[in-house]
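So you can see what is in the structure, the chains are spelled out below.
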Amino acid sequence: MATIVSTNAMQVQTNEKNSAGVKNGFKQKVIIKLKVLRSKKTGGWYSAFLCLVNQGLATLAFFGVGVNLVLFLVRVLGQDNATAANNVSKWTGTVYLCSLLGAFISDSYWGRFLTCAIFQLILLLGLVIMSITSWIFLIKPNGCGDGILNCVPPSPLGTALFYLAIYLVALGYGGHQPTIATFGSDQFDEANPKEKISRAAYFGYFYFALNAGSLISNTILVYYEDGGKWTLGFWASTAAALLGLFIFLLGTPGYKYVKSFGNPLPRVAQVFVAAVRKWRVANVEGEELYEVDGSESSIKGTRKILHSNDFKKLDKAAIVTEEDRQRPAFNPWRLCTITQVEEAKCIIRMCPIWLCTIMYSVIFTQMASLFVEQGEVMDATIGHFRLPAASMSAFDICSVLACTFLYRFMVVPLAGKISGNPKGLTELQRMGVGLVIGMLSMVAAGVTEIYRLKHVIPGKEASSLSIFWQIPQYILVGASEVFMYVGQLEFFNGQAPDGIKSLGSSLCMASMSLGNYVSSMLVNMVMTITARGERHGWIPENLNNGHIDRFYFLLFGLALVDLFAFVVFAKWYKGIQHEGSDESCTKEGVKESQVLDKV
């Protein structure tokens, strides 16, 4: 009996040991799994690829509304051509103006991931309201707005909901785009030579993804919308935005996150206030200016910026006076670090370059307004099929997609061998080339309009000239985008200090914003001057009575003046240099070109 008890006791002990062993083994496995997860590399091309797909789908959703908006305003809301073109310019300007808001919130408070997620939700909400409003209030009778069947004049409620929806779309997409551009570039470490090249390549692929998404909007969606199926197009845009948000959130565990750096406005203001307070203090050498110890700057998480010799009056903000030494703690409104001063200098240097890009944006915005209205009064039939005028922007997109690869795999290697720069052309050189090509697109558009007017059908608003005469102007705009906008993204993001990277990316969109507002202003001025008395003006309701060719040539002339200013400021510009970084890219040109071949 004792033996039996002893045996049972041994079995119980054995079971307890086995149970304890299983628990310990399970704990060990969990610990190992956690260590693997902790050691797992975040960021890289997989995370960046999710950002690219997200951008493509968000752009598809946005252009599902924007690409045909001028025709929606004319056909469904009953607006005239000039009013519709101005409203589209103002709306598009608001889209890109919202990019500054998104970038500011991203850099200062929410961080890039949260900002991207929230603004995508706003975009989705706007698209849902847009779809429901067009379905219930605006498309009456069903199928109207196709250019043949007129819609019933909209009710005030329907119009109000429509404008609420499109401006929510403007806010959502505007706040999302520059933030996702910077968030995607965050997935690469700038200190790593391979990832530095990948980071530069990312911006080219980012613009490629943007145009790939808009290609669907400009071909498939625009076809259905032009045929009166506006609601179907808006619901398709909503579905694309929802899928994009899902894919973005899918990558949450693998993203590399960058924390917000605080509000940059007080930091910049402190530099100017401190410099004014020490206006009478004599300048000192750069080595004597104030900077915190350690590898990081006073702005947590950012690198130090090396001192530059221009704007010496601002250096006074970093001079340590006897009064500063006597204080128990340094007052940032009296004494700033070199990095803080250089951040303010960097913003000042970038401003003239940025202002010179606005005129190009005026050229670019014609593609969504006057190009479409011009195409509407041209022969767009292919057999029994009528091509929507807005779908001609597909040639712009195809041009962008083709030129992106041509630039990356042909121009970069060739220009790199000639100049010794592994990037081929510098960002400023690319922007200058983009401006020149954009000017040529205005010449092509003007010539097309001259020939269109020669082929006007008597008694009708249409012309017998084929809409395919517009192809050169769209292709030239697309080629110019590859140089101008990709160059802008790389330039402003690369030259912006760490604490305002998203703001740097948003400057590209802010340029588009002001470009749209300037375009609207120019249209109003031109019509005020040219439509006096019995004259119809350059951009009348019936384009056959006008001269939009003269407006295109006017834009060419203004852009030519802008080009001269851009060249002057580009030669004057001095790039930002971080502490510990190479002073010149050419010093390791061979190494970087080897890495570039592998990307």
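Residues numbered from 1 in each chain as written. Predicted model: local features only at pLDDT ≥ 70, side-chain atom pairs only at ≥ 80, totals over all residues. Heavy atoms only, no water.

Named according to an unreviewed UniProt entry, the chain is Protein NRT1/ PTR FAMILY 7.1-like originating from Nicotiana tabacum. If you open the UniProt record of the chain and go to Subcellular location (unreviewed entry), you find "Membrane". (UniProt positions renumbered as here; feature names shortened; annotations may be inferred.)

Novice: Now, about the overall build of the chain: what can you tell me, with residues and values included?
Specialist: Across its full length, the chain carries 20 helices and two strands. The buried share of the chain, reckoned over its 599 residues, is 53%. In the chain, 82% of the contacts between residues at least 6 apart in sequence involve partners at least 24 apart. Per element, the accessible surface of the chain, about 26900 Å² overall, is 66% carbon and sulfur. (Helix = DSSP H or I, 4+ residues; strand = E, 2+ residues; numbered from the N terminus. Buried < 20%, exposed > 50% of the residue type's maximum accessible area, 1.4 Å probe, protein only. Contact = heavy atoms within 4.5 Å. Areas by Shrake-Rupley, 256 points an atom, 1.4 Å probe, with all protein chains shown as cover.)

Novice: Give a description of the pattern of salt bridges that names residues and reports values.
Specialist: Within this structure, the stated rule accounts for 15 salt bridges. The partner of Arg334 in a salt bridge is Glu323, with the nearest N and O atoms 3.2 Å apart. Within this pair, whereas Arg334 is found in the loop between α11 (322-326) and α12 (338-356), its partner Glu323 is found in helix α11, the two being separated by eleven residues in sequence. Note on Arg334: relative accessible area 16%, which makes it buried. Classification of Glu323 by relative accessible area gives partly exposed; the value is 40%. Across the pair Lys345 and Glu342 runs a salt bridge, and its minimum N-O distance is 3.2 Å. Taken together, the positions of Lys345 and Glu342, both in helix α12 and three residues apart, correspond to about one turn of that helix. Here the salt bridges do not stand alone but share partners, grouping Asp310, Asp315, Glu342, Lys345 and Arg349 into one network. (Salt bridge = Lys/Arg side-chain N within 4 Å of Asp/Glu carboxyl O.)

Novice: Before we move on, could you go through helix α7 (residues 193-226) and cite the residues and values that matter?
Specialist: Spanning 34 residues, α7 covers 49 Å between terminal C-alpha atoms, matching the ideal 50 Å at 1.5 Å per step. Where α7 bends most, the angle comes to about 30 degrees, and this point is Ile220. Just downstream of α7 lies Gly228, where phi reads positive at about 95 degrees. (Expected span 1.5 Å × (residues − 1). Bend = angle between axes of the 7 residues up to and from the residue.)

Novice: Please set out the side chain of Asp310 residue by residue, giving values where relevant.
Specialist: Positionally, Asp310 belongs in the loop between α9 (264-277) and α10 (312-315). Among the polar contacts made by the side chain of Asp310, one reaches the side chain of Arg349 at a distance of 2.9 Å. (Polar contact = N/O pair within 3.5 Å; in protein donor to acceptor, adjacent residues only side chain to side chain.)

Novice: Which residues make up the nonpolar core, and what are the values?
Specialist: Of all hydrophobic cores here, the largest spans 131 residues; its most connected members are Phe72 and Phe162. The element that contributes the greatest number of residues to this core is helix α17 (residues 471-495), accounting for eleven residues. The residues touching Phe162, leaving out its near neighbours within four places in the chain, are Leu69, Phe72, Leu73, Leu77, Met130, Thr133 and Leu138. Formed by 13 residues, the second largest nonpolar core is a distinct cluster that contains Val268, Ala274, Ala318 and Ile338. (Core = buried A, V, L, I, M, F, W, Y, C linked by side-chain atoms within 4.5 Å.)

Novice: So what's going on with the confidence of the model for the chain? Which residues, and what values?
Specialist: Residues with a pLDDT of 70 or more make up 88% of the chain, whose mean pLDDT is 82. Low pLDDT, under 50, characterises residues 1-10; the stretch is placed with zero contacts to residues that sit more than four places away or in other chains. Within the model, pLDDT remains below 50 along residues 582-599, and this stretch shows 19 contacts once partners closer than five positions in the same chain are excluded. (pLDDT = per-residue confidence, 0-100.)

Novice: Outline helix α13 (residues 358-365), supporting the account with residue identities and numerical values.
Specialist: Burial of α13 is extensive: eight of the eight residues sit out of reach of the surface. By the burial criterion, the buried members of α13 are Ile358, Met359, Tyr360, Ser361, Val362, Ile363, Phe364 and Thr365. The inward-facing, buried residues of α13 abut α4 (81-110), α12, α16 (427-454), α17, α18 (501-530) and α19 (548-572).

Novice: Tell me what's going on with unusual backbone geometry, and back it up with residues and numbers.
Specialist: Lys140 connects to Pro141 through a cis peptide bond whose omega is 0 degrees. Take Pro141: it is sitting in the loop between α5 (112-138) and α6 (156-185). With a phi close to 50 degrees, Phe311 is a non-glycine residue in the positive phi region. Topologically, Phe311 is positioned in the loop between α9 and α10. Residue classification places Phe311 among the partly exposed residues on the basis of a relative accessible area of 30%.

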